[in-house]
Amino acid sequence: MEKLILENYMQLLVERYPDLEGCTSDIIAAFQLCTDVFHLSGKMLLCGNGGSASDCDHIAGELMKGFLSRRPVPLSFRGSLIQEWDEKEGDYLADHLQQALPAISLTNHAALITAYANDVEPEMIFAQQVYGYGKKGDVLLALSTSGNSANVLRAVQTARALGMRTIGLTGKQGGRLKELCDVTIRVPWERTPDIQERHLPIYHILCTMLEREFFG
């Protein structure tokens, strides 16, 4: 994406949320990192606790389907669907599928998470999933308002050992997360509700820019 377009997106963000002006360079760095990952057919894994777990689900939802644009499947894939089934079935499938940027929230797998917490180690509930799903060239987006959530930090450590890229989304202090991640976006607030309120516009603008980059 052209530098001027990126700057325009950041200007729009700061106009609505002036307190996030100091985050813009890290937001752009996170966007560029994600762009590199998705261009090379990598995927995003996401982890966080409580409200941040809901944010993980939210982000995955924006990336896995149309956010601000519809993202129709390529004509070549429509043709494959028609060839595999027939014109009626193929057209139906093609009309109701959308292009996706692959993203998996690690917060929803209740049976796995509770089993691992009970049988092995609660701190490792996200790390185990990173180890199972992740590969070199993927990216982990780790959300922690304190920057010190143990299960999130273990996930980041595991991701780095796998050769994955890492992005942290946290609060003013950053905690250990800022030391472990390739890029850390720290919003200038310290109370959990204030931090989470600023995380939403940040990941919305990231999803908006990624959608434009890959789907126009």
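Glancing now at the overall build of the protein. In terms of helices and strands, the protein carries 10 helices and five strands. Taken over the C-alpha trace, the protein has a radius of gyration of 18 Å; the compact-globule value for 216 residues is 17 Å, and the two agree within 12%. Projected onto the principal axes, the alpha-carbon positions of the protein cover approximately 55 × 50 × 30 Å. Classification of the 216 residues of the protein by burial places 46% in the buried group. Of all intrachain contacts in the protein linking residues separated by at least 6 positions in sequence, the fraction that spans at least 24 positions is 70%. Working note: accessible area of the protein is about 10900 Å², and carbon and sulfur atoms make up 52% of it. Of note, the protein has its 20 positive side-chain charges centred 4 Å away from the centre of its 27 negative side-chain charges.

Scanning the entire structure with this criterion turns up one cavity of 30 Å³ or more. The space that makes up the largest cavity amounts to roughly 70 Å³. At the level of secondary structure, the elements contributing two or more residues to the lining of the largest cavity comprise helix 3 (51-64) and helix 10 (192-215). Take the lining of the largest cavity: its biggest share by element is four residues, from helix 10. Class assignment for the residues of the lining of the largest cavity results in 10 nonpolar, no polar and no charged.

Counting across every chain of the model gives 10 salt bridges. Close ionic contact of Asp138 with Lys43 constitutes a salt bridge, the shortest N to O distance being 2.7 Å. With a gap of 95 residues between them, Asp138 in the loop between helix 7 (125-133) and strand 3 (139-143) and Lys43 in the loop between helix 2 (24-39) and strand 1 (44-47) connect regions that are remote in the sequence. Each member of the pair, Asp138 together with Lys43, is buried. A salt bridge links Glu123 to Arg154; the nearest nitrogen and oxygen atoms lie 2.9 Å apart. Here the residue Glu123 occupies a position in the loop between helix 6 (110-119) and helix 7, and Arg154 occupies one in helix 8 (residues 150-162), the gap between them amounting to 31 residues. On the basis of relative accessible area, Glu123 is assigned to the partly exposed category, the value being 29%. Accessibility expressed as a relative area gives 35% for Arg154, which makes it partly exposed.

The rules behind the values
- Residues numbered from 1 in each chain as written.
- Predicted model: local features only at pLDDT ≥ 70, side-chain atom pairs only at ≥ 80, totals over all residues.
- Heavy atoms only, no water.
- Helix = DSSP H or I, 4+ residues; strand = E, 2+ residues; numbered from the N terminus.
- Rg over C-alpha atoms; globule rule 2.2 N^0.38 Å.
- Buried < 20%, exposed > 50% of the residue type's maximum accessible area, 1.4 Å probe, protein only.
- Contact = heavy atoms within 4.5 Å.
- Areas by Shrake-Rupley, 256 points an atom, 1.4 Å probe, with all protein chains shown as cover.
- Lys, Arg positive; Asp, Glu negative; His and termini not counted.
- Charge placed at Lys NZ, Arg CZ, Asp CG, Glu CD.
- 1 Å grid on protein atoms, 1.4 Å probe; cavity = no way out; pocket = protein on both sides within 12 Å on 5 of 7 lines; lining within 4 Å.
- Points joined across faces, edges and corners; volume = space filled by probe spheres on them.
- Nonpolar A, V, L, I, M, F, W, Y, C, P; charged D, E, K, R; others polar.
- Salt bridge = Lys/Arg side-chain N within 4 Å of Asp/Glu carboxyl O.

So far we have only geometry, and geometry alone does not tell us how the molecule works.
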